[in-house]
Amino acid sequence: QVQLVESGGGLVQPGGSLRLSCAASGSVFSINVMGWYRQVPGKQREVVAAITEDGTKNYADSVKGRFTISRDNAKKTMYLQMNSLKPDDSAVYYCYIVTMGRDYWGQGTQVTVPS
């Protein structure tokens, strides 16, 4: 059984920062990819950022230069540092991992940036 626990969401004013965390536990031995996506009701899901086991990072154009993804393989934990937040960043953020050929998803954490 694999579990992902997210934390760090909340309400922040435009221009502010938040740091999301995602900790994996259970039968997790090697995590190939860790990433974040976000979902706004009525809109298409957007993959925000992803990082591979060797540290290769990819970002959505909408967050490049503002968000930074990182991971601690020893702790099986991933982080998303979000700076210069905008109202358009408001969404439920979900972490996911790819391990042993399967995908796992977290429960989501709300990020709200009021306009």
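Computed from a predicted structure; not experimentally measured.

Student: Mind laying out the pairing of strand E1 (residues 2-7), listing which residues take part and the relevant values?
Tutor: Across the two faces of E1 the burial differs, with Val2, Leu4 and Glu6 buried and Gln3, Val5 and Ser7 not buried at all. Where E1 and strand E3 (residues 18-26) come together, six bridges link them in antiparallel fashion. Bridge pairing links serine 7 to serine 21 in E3.

Student: Which residues make up the pairing of strand E5 (residues 46-52), and what are the values?
Tutor: Note that strand E4 (residues 31-39) and E5 share six bridges and pair antiparallel. When the sheet's bridge partners are listed, methionine 34 is paired in E5 with isoleucine 51. Joining the antiparallel neighbours E4 and E5 is a turn of six residues, in which glycine 42 adopts a positive phi near 85°. The hairpin turn running from E5 into strand E6 (residues 57-59), its antiparallel successor, is four residues long, and glycine 55 in that turn takes a positive phi close to 95°.

Student: How would you explain the layout of surface pockets if you had to name every residue and give the values?
Tutor: Taken as a whole, the largest pocket holds about 170 Å³ of empty space. Every residue along the wall of the largest pocket is listed here: Arg38, Gln39, Val40, Lys43, Gln44, Glu46, Ser62, Asp88, Ser90 and Ala91. In terms of residue class, the lining of the largest pocket is built from two nonpolar, four polar and four charged.

Student: Give a detailed account of the environment of valine 33, specifying residues and quantitative values.
Tutor: Tracing the chain through its elements places valine 33 in strand E4. Judged by its relative accessible area of 24%, valine 33 is partly exposed. Sequence-wise, valine 33 and threonine 99 are 66 residues apart; in three dimensions their C-alpha atoms are separated by 7.2 Å. Here valine 33 is in contact with Ala50, Ile51, Thr52, Arg71, Tyr96, Ile97 and Val98, once residues within four sequence places are set aside.

Student: Describe the environment of glycine 65, and please don't skip the residues or the numbers.
Tutor: Positionally, glycine 65 belongs in the loop between E6 and strand E7 (67-72). The spatial distance from the C-alpha of glycine 65 to the C-alpha of serine 84 is 9.3 Å, given a sequence separation of 19 residues.

Student: Hey, could you go over the packing of aromatic side chains for me, with residue numbers and the actual values?
Tutor: For the coordinates displayed, the defined rule picks out three aromatic pairs. Taking 5.0 Å as the distance between ring centres and 15° as the angle between the ring planes, the aromatic pair formed by tyrosine 37 and tyrosine 94 counts as stacked. Of the two residues, tyrosine 37 is situated in strand E4 and tyrosine 94 in strand E9 (residues 91-99); the sequence distance between them amounts to 57 residues. An angle of 85° between the planes, with centres 5.2 Å apart, marks the rings of tyrosine 37 and tryptophan 105 as edge-to-face. Residue tyrosine 37 is located in strand E4, and its partner tryptophan 105 is located in strand E10 (residues 102-105); the two are separated by 68 residues in the primary sequence. For tyrosine 37, a relative accessible area of 9% translates into the label buried. For tryptophan 105, a relative accessible area of 39% gives the class partly exposed. Three or more aromatic residues joined by ring pairs make a cluster, and in this case those are Tyr37, Tyr94, Tyr96 and Trp105. Here arginine 19 stacks its cationic end above the ring of tyrosine 79, 4.1 Å away from the centre of that ring.

What counts and how
- Per chain, residues are indexed from 1 in the order of the written sequence.
- Where local features are concerned, this predicted model is filtered to residues with pLDDT of at least 70; where side-chain atom pairs are given and counted, the filter is 80 or more; whole-chain, interface and lining totals use all residues.
- Side-chain measures were taken over the full set of non-hydrogen atoms in the model, leaving aside hydrogen atoms and water.
- Between buried and exposed lies partly exposed: a residue is buried under 20% and exposed over 50% of the maximum accessible area for its type, with that area taken using a 1.4 Å probe on protein chains only.
- For the purposes of this entry, the term helix denotes a DSSP run of H or I that reaches at least four residues, the term strand denotes a run of E that reaches at least two, and both are numbered from the N terminus.
- A pair of strands is considered paired only if DSSP assigns at least 2 bridges between the two.
- In the cavity and pocket records, a cavity denotes points on a 1 Å grid over the protein atoms alone where a 1.4 Å probe fits but cannot get out, a pocket denotes an open set with protein on both sides within 12 Å along at least 5 of 7 lines, and lining residues are residues with an atom within 4 Å of a point.
- Grid points are joined across faces, edges and corners, and a volume is the space filled by probe spheres set on the points.
- Residue polarity is assigned by list, with Asp, Glu, Lys and Arg as charged and Ala, Val, Leu, Ile, Met, Phe, Trp, Tyr, Cys and Pro as nonpolar; anything else, Gly included, falls into the polar class.
- Note on contacts: a residue pair qualifies if any of its non-hydrogen atoms lie within 4.5 Å across the two residues.
- Only the six-membered ring of Trp is used, alongside the rings of Phe and Tyr, when aromatic pairs are assigned; centres must lie within 6.5 Å, and planes under 30 degrees apart are stacked while those over 60 apart are edge-to-face, with the rest tilted.
- Comment: the charge-over-ring label is applied if NZ (Lys) or CZ (Arg) is within 6 Å of the ring centre and within 35 degrees of the ring normal.

Don't take any of this as a statement about function, it's just geometry.
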